[in-house]
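Breakdown of the fold
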Amino acid sequence: MALSYAVPNFLIERDESRCIDCQVCVRQCANEVHKFDEDDEKIVSDTMKCVNCHRCVVLCPTKALTVREFPLEFKKNGHWKSDDIKSIYIQAETGGVLLAGMGNDKPYPIYWDKMLINASQVTNPSIDPLREPMEIKTFLGRKPASLEIENGKLKTKLPPQLELEVPVMFSAMSFGSISLNAHKSLARAAREVGTFFNTGEGGLHRDLADFGDNCIVQVASGRFGVHQEYLDAGSAIEIKIGQGAKPGIGGHLPGEKVGPEVSQTRMIPEGSDAISPAPHHDIYSIEDLRQLIYSLKEATNYKKPVFVKIAAVHNVAAIASGIARAGADVIAIDGFRGGTGAAPLRTRDSVGIPIEFALAAVDTRLRQEGIRNQVSLVIGGSIRNSSDIVKAVALGADAVYIGTAALMALGCHLCQKCYTGKCNWGIATQDPRLVKRLNPEIGARRAANLLKAWKHEIKELLGGMGINALESLRGNRLMLRGIDLTEKELEILGIKAAGE
Amino acid sequence: MVTIDAKGVYYKELNEKVKEAISSGAEHIELINVNGQRYIGDGISASAKITIHGIPGNDMAAFMNGPTIEVFGNGQDAVGNTMNSGTIVIHGNAGDVTGYAMRGGEIFIKGNVGYRVGIHMKAYQDKVPVMVIGGKAGDFFAEYMAGGKIILLGLGCEGESVVGRYCATGLHGGTLYIRNNFEERYFGKEVQRDELTMEDKEFLKSYLTRFSDYFGYDKQEILGLDFIKFVPVGSRPYGNMYAKW
Ligand code: SF4
Ligand code: SF4
């Protein structure tokens, strides 16, 4: 084999004075980085294979391991950064399309961090959520333009709604891209907290059949595992048009990940690639989208809200307007930071727009057109914490989806190697040995803890603004001020500058 | 038999009536004066028979699970979209994306079909969808097909290609039986020719017999036609396309 020009990404250092040769690291690493050398009777590490997932670092009983970025200094060059150079070496060697996991990691501006939240001082008193009631329950679905009340009772028949105890749902992640234990963790957490998880495009595993009350079932271009029972099982149906990590392209779940369970759930033969075409071939226009929306409504007797999920792209406001008019009950928009199990690197890192702009533009457009009430807006693809959520709601979101953050709650260390199927944390893998590292009880506990903590923080931030219902913050952009933003950016976000 | 007059009836109401009839036990429902109403038969899980006189609208029998639908007229776009089981017989042509992503059941079409027909058809265990098309197919026929079987007879298309461009591109499962009347250059490189086995011949015989019966063709003549079989080159057409970042 020809000499590889690949350079290491990480440096593994073992503190020999602390290491007790227990070989935990050897057993834990699915990438086979650590090995016990029988001849030398010591542990050796292969730096080239390390993906920096921290499994060994965390599990080492004596904390003898350090993983650092490999201190490789190319000659200083303002244009050719080390990633640019490394990617050329890889492609020159393989001729392959670069594949990456998780979301866009480039240092684009994070607009959440350029928006600041208001608080009450003197004039309208803040509210203490520990003492006073605070409503953050959220209903997702089409709202009628007016309500008719008769004898104190609601007469208008409301379109179907999803009821969320926290304005946060787990975004679509398929069984196949993540493990069954990861799905189970999210399903249980959603039930406990009173929110929803989303099947993604991989069908609903039979073990999760009775989590339908907390489940959104997805219909994507490959239509994997989509049948009447599946449509009936979910509380809502999401048509996936696109996702933030790879707008405009489909997906290939590699045959290696299609084992017996995934095969059964997706209803495709074992070992065959699960190819999702880039578009739905029955949707080439807004009229066609309407057709699928109504086809699904007909098939489920108008009992479930239908979501349409798109990636945040340049014309997102006009597209969202079309989707609302096509009859969707909820529009989900995924920003360019959104994660994925596998995406071509160049698409992941350079296609799409920040969700903050997309959200503001869509909310503004739907208001201008007088159709904002016809759809709920759910955004995702970058939410890191509760203040991001509060800002999103103030910009106009009804609720948010979290994917990456949810997986981190389960143990993900963001190594971005999800597409290899060797996730050492038992999340993005189908290898039974690795999957069992994620205990669904513990996973559910951790994911539920995260949402409970955020729920409390959201209430505190609301109380600080003197607001006692999330509903009063929705689209209330006066509660935000921008910092370090241009006039144009402030205009698109529809907020004033700090100090104004 | 229950007869429902669809003249001037909005699709939603019409489909409600059909579902009501089925839940009250009707085994055969006849729809007359159908004129473009969409979603007929969508998501119905039952074994009833629905006979349609006229032209049903788009997405007929989408997500369907069991019924038999016979259409005395043309079908429109997306007939049998993502259907799971059941039988559809169309005494005319059918539009674009017929049988998109269907996983089970059968569709018989007397005439031609439009573009993107049979895209992403797939099979799983005992569920093997079958489509029999009497005439010719438009571009992107059987693209990304992942399973199931399609017979394309090309009757009355002598002298012209029975498939359009990009036929079977990205196909990675399933079988195509196409009558010898097409341009090889229209086919994607993911398919290859294969010999007809005894099993194929049995399969063709049974479905062509039913095709002749449904549409009143001379059975002997139809059974005497020659077919060329196409199968995928591999089940992982894009397996080696990527490099790890
Ligand atoms: S896990 Fe830690 S202590 Fe055990 S062999 Fe590895 S480095 Fe040494
Ligand atoms: S899910 Fe696993 S493979 Fe993916 S980034 Fe997280 S730790 Fe790495």
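None of these values were measured; they are calculated from a predicted model.

1. Regarding the environment of Y166(B)
Residues and elements named next belong to chain B. Within the secondary structure, Y166 is located in the loop between β8 (146-152) and β9 (173-179). What makes Y166 partly exposed here is its relative accessible area of 45%. Residues Y166 and K189, 23 residues apart in the sequence, show an inter-C-alpha distance of 9.5 Å. Beyond its immediate sequence surroundings of up to four residues, Y166 is in contact with F140, F141 and Y186.

2. As for the nonpolar core
Grouped together as the largest cluster of nonpolar side chains are 104 residues, with contacts concentrated most on F170(A), F197(A), I333(A), I379(A), I402(A), I427(A) and L473(A). In terms of residues, this core owes the most to one element, helix α10 (residues 355-368) of chain A, which gives seven residues. Apart from residues no more than four positions distant in its own chain, L473(A) is found in contact with V390(A), V393(A), A394(A), L462(A), M465(A), I467(A) and M479(A). Within the second largest apolar cluster, 54 residues are counted, among which are M60(B), V113(B), M131(B) and F187(B).

3. Focus: the pattern of salt bridges
For side chains of opposite charge, pairing can occur when their charged atoms come near one another. Residue and element names in this part refer to chain A. Taken as a whole, this structure holds 47 salt bridges over all chains when the rule is applied. Here D349 and K106 are joined by a salt bridge, their closest N and O atoms 3.4 Å apart. In this pair, D349 is assigned in helix α9 (residues 345-350) and K106 in the loop between β5 (97-100) and β6 (115-117), connecting sequence segments 243 residues apart. Overall, D349 belongs to the buried group, its relative accessible area being 5%. In this structure, R474 and E471 form a salt bridge, with 2.5 Å as the shortest nitrogen-oxygen distance. The buried category is assigned to R474, whose relative accessible area is 12%.

4. Re empty space enclosed by the protein
Residue and element names in this part refer to chain A. Per the stated rule, a full pass over the model turns up four cavities of 30 Å³ or more. Split into classes, the residues belonging to the lining of the largest cavity amount to twelve nonpolar, four polar and two charged. Three or more residues apiece are contributed to the lining of the largest cavity by two domains, here domain 1 (10-96) and domain 2 (138-497).

5. Thoughts on the domain arrangement of chain B
You can read the domains of chain B as domain 1 (1-70) and domain 2 (93-235). Here the C-alpha centroids of domain 1 of chain B and domain 2 of chain B sit 27 Å apart.

6. Regarding the interface of chain A and chain B
At the junction of the two partners, chain A supplies 52 residues and chain B supplies 41 residues. For the pairing of chain A and chain B, the buried interface totals around 4,000 Å² over both sides, and the portion due to carbon and sulfur atoms is 56%. Between chain A and chain B we count two salt bridges in total. Linking chain A with chain B are 28 residue pairs in polar contact (both at pLDDT 80 or more), by the criterion used here. Listing elements by their share of the side of chain A that touches chain B, those giving two or more residues are α3 (82-94), β5, α5 (228-233), α6 (260-266) and α7 (286-299) of chain A. Residue contributions to the side of chain A that touches chain B peak at eight residues, all from α7(A). Per-class residue counts for the side of chain A that touches chain B are 23 nonpolar, 20 polar and nine charged. Bridge count for β5(A) against strand β12 (residues 242-244) of chain B is three bridges, and the pairing is parallel. Following the sheet pairing, V97(A) is matched in β12(B) by Y242(B).

7. Some thoughts on the site of ligand 1
Around ligand 1 there are 13 residues in total, and R14(A), C19(A), C22(A), C25(A) and C60(A) lie nearest to it. Split into classes, the residues belonging to the shell around ligand 1 amount to nine nonpolar, two polar and two charged.

8. Quick look at the site of ligand 2
All names here are of chain A. Surveying the vicinity of ligand 2 reveals the residues M102, C412, H413, L414, C415, Q416, K417, C418, C423, W425 and A428. More than half of the atoms of ligand 2 fall within 2 Å of the grid points belonging to the largest cavity. Here the residues of the shell around ligand 2 are counted per class, giving eight nonpolar, two polar and one charged.

9. Observations concerning the sheet that holds strand β23 (residues 496-497) of chain A
Residues and elements named next belong to chain A. Strand order in the open sheet formed by three strands is β6-β22-β23, and the pairing between neighbours is mixed. Both outer strands of the open sheet, β6 and β23, are each paired with one neighbouring strand and no more. When β6 meets strand β22 (residues 480-482), the two strands line up antiparallel, connected through three bridges. Residue pairing across strands places M115 opposite G482, the latter belonging to β22. Against the sheet, helix α11 (residues 386-395) contacts β6 and β22, and its axis sits at roughly 95° relative to β6.

10. Points about helix α8 (residues 316-325) of chain A
Residue and element names in this part refer to chain A. Burial analysis of α8 places seven of its ten residues in the buried class, which makes it a mostly covered element. For α8, the set of buried residues is V316, A317, A320, S321, G322, I323 and A324. Buried residues along α8 sit in contact with α7, β17 (306-311), β18 (330-334) and α10. Positioned one or two residues after α8, G327 has a phi angle of 105°, which is positive.

11. Section: the packing of aromatic side chains
Within the structure shown, the criterion is met by 17 aromatic pairs over all chains. Relative to F215(B), the ring of F211(B) has its centre 5.1 Å away and its plane inclined at 75°; by these criteria the two rings are edge-to-face. Highlighted residues: F211(B) and F215(B), both in helix α2 (residues 198-215), separated by four residues, approximately one helical turn. Three or more aromatic residues joined by ring pairs make a cluster, and in this case those are F108(B), Y177(B), F203(B), Y207(B), F211(B), Y214(B), F215(B) and Y217(B). Taking the ring centre of F211(A) as reference, the NZ or CZ of R191(A) above it sits at 4.0 Å.

Rules used in this analysis
Residues numbered from 1 in each chain as written. Chains lettered and ligands numbered in written order. Predicted model: local features only at pLDDT ≥ 70, side-chain atom pairs only at ≥ 80, totals over all residues. Heavy atoms only, no water. Helix = DSSP H or I, 4+ residues; strand = E, 2+ residues; numbered from the N terminus. Buried < 20%, exposed > 50% of the residue type's maximum accessible area, 1.4 Å probe, protein only. Contact = heavy atoms within 4.5 Å. Core = buried A, V, L, I, M, F, W, Y, C linked by side-chain atoms within 4.5 Å. Salt bridge = Lys/Arg side-chain N within 4 Å of Asp/Glu carboxyl O. 1 Å grid on protein atoms, 1.4 Å probe; cavity = no way out; pocket = protein on both sides within 12 Å on 5 of 7 lines; lining within 4 Å. Points joined across faces, edges and corners; volume = space filled by probe spheres on them. Nonpolar A, V, L, I, M, F, W, Y, C, P; charged D, E, K, R; others polar. Domains from an automatic or database assignment. Buried area = accessible area lost by both parts, 1.4 Å probe. Polar contact = N/O pair within 3.5 Å; in protein donor to acceptor, adjacent residues only side chain to side chain. Pairing = 2+ DSSP bridges. Near = heavy atom within 4 Å. Sits in = over half its atoms within 2 Å of the grid points. Axes fitted to C-alpha atoms, helices over the stretch in contact; angles between N-to-C directions. Phe/Tyr/Trp six-rings, centres within 6.5 Å; stacked < 30°, edge-to-face > 60°. Lys NZ or Arg CZ within 6 Å of the ring centre and 35° of its normal.

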